[in-house]
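Observations on chain architecture
Here is what each chain is made of, one letter per residue.
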Amino acid sequence: MKVLIDANILISAALSSGSTPFLAYAKAVTHPNHAVVCEQNIDELRRVFNRKFPTKLYAMERFLAPSRVCAMWQTDLYSEPQ
């Protein structure tokens, strides 16, 4: 099943590995699910961390690193204009 991961889930999951949002994120990126992360959500995550949690930017980047491998950017969901 494809699961779209919202920016708020990403923010909460990145901040607390024991939280309900983190568990939801972990389930979304685990087989048989296929996580979908939009670039806009990643941009929003970075904006929020820069504004509200500047001391936790390194933790956010570490959180995102495996996400890129597990979730992969889903450009195939949107057809390119012909």
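Here the structure is shown first, and the text comes after it.
Please read these numbers as outputs of a predicted model, since none were measured by experiment.

What about the pattern of salt bridges?
Side chains that differ in sign of charge can pair as their charged atoms come close. Scanning the entire structure with this criterion turns up 2 salt bridges. Among the salt bridges present, the one from E44 reaches R47, with a minimum N-O distance of 2.7 Å. With E44 and R47 both in helix α3 (residues 39-52) and 3 residues apart, the pair spans about one turn of that helix. For E44, a relative accessible area of 28% puts it in the partly exposed group. The shortest N-O distance in the salt bridge between E61 and R46 comes to 3.1 Å. One end of the pair, E61, is in helix α4 (residues 57-70); the other, R46, is in helix α3, and 15 residues separate them in sequence. Assessed through its relative accessible area of 34%, E61 is described here as partly exposed.

Side note on the nonpolar core
I5, L10, Y25, L45, F49, F63 and L64 are the most contacted members of the largest nonpolar core, which has 16 residues in total. Broken down by secondary-structure element, the contributors of at least two residues to this core are α1 (7-15), α2 (20-28), α3 and α4. In this structure, L45 is in contact with L10, I11, M60 and L64, ignoring residues within four places of it in sequence.

Let's talk about the packing of aromatic side chains
The geometry of an aromatic ring pair is captured by two quantities: the separation of the ring centres and the angle between the planes. Considering all chains together, one arrives at 3 aromatic pairs under this definition. Arranged with centres 6.4 Å apart and planes meeting at 40°, the rings of F22 and Y25 form a pair that is tilted. Taken together, the residues F22 and Y25, both in helix α2 and 3 residues apart, mark about one turn of the helix. The exposure class assigned to F22 is partly exposed, which follows from its relative accessible area of 23%. Ring geometry for F49 against F53: centres 5.3 Å apart, planes inclined by 55°, an arrangement best described as tilted. Under the relative-accessibility criterion, F49 is labelled buried at 1%.

The rules we used
Residues numbered from 1 in each chain as written. Predicted model: local features only at pLDDT ≥ 70, side-chain atom pairs only at ≥ 80, totals over all residues. Heavy atoms only, no water. Salt bridge = Lys/Arg side-chain N within 4 Å of Asp/Glu carboxyl O. Helix = DSSP H or I, 4+ residues; strand = E, 2+ residues; numbered from the N terminus. Buried < 20%, exposed > 50% of the residue type's maximum accessible area, 1.4 Å probe, protein only. Core = buried A, V, L, I, M, F, W, Y, C linked by side-chain atoms within 4.5 Å. Contact = heavy atoms within 4.5 Å. Phe/Tyr/Trp six-rings, centres within 6.5 Å; stacked < 30°, edge-to-face > 60°.

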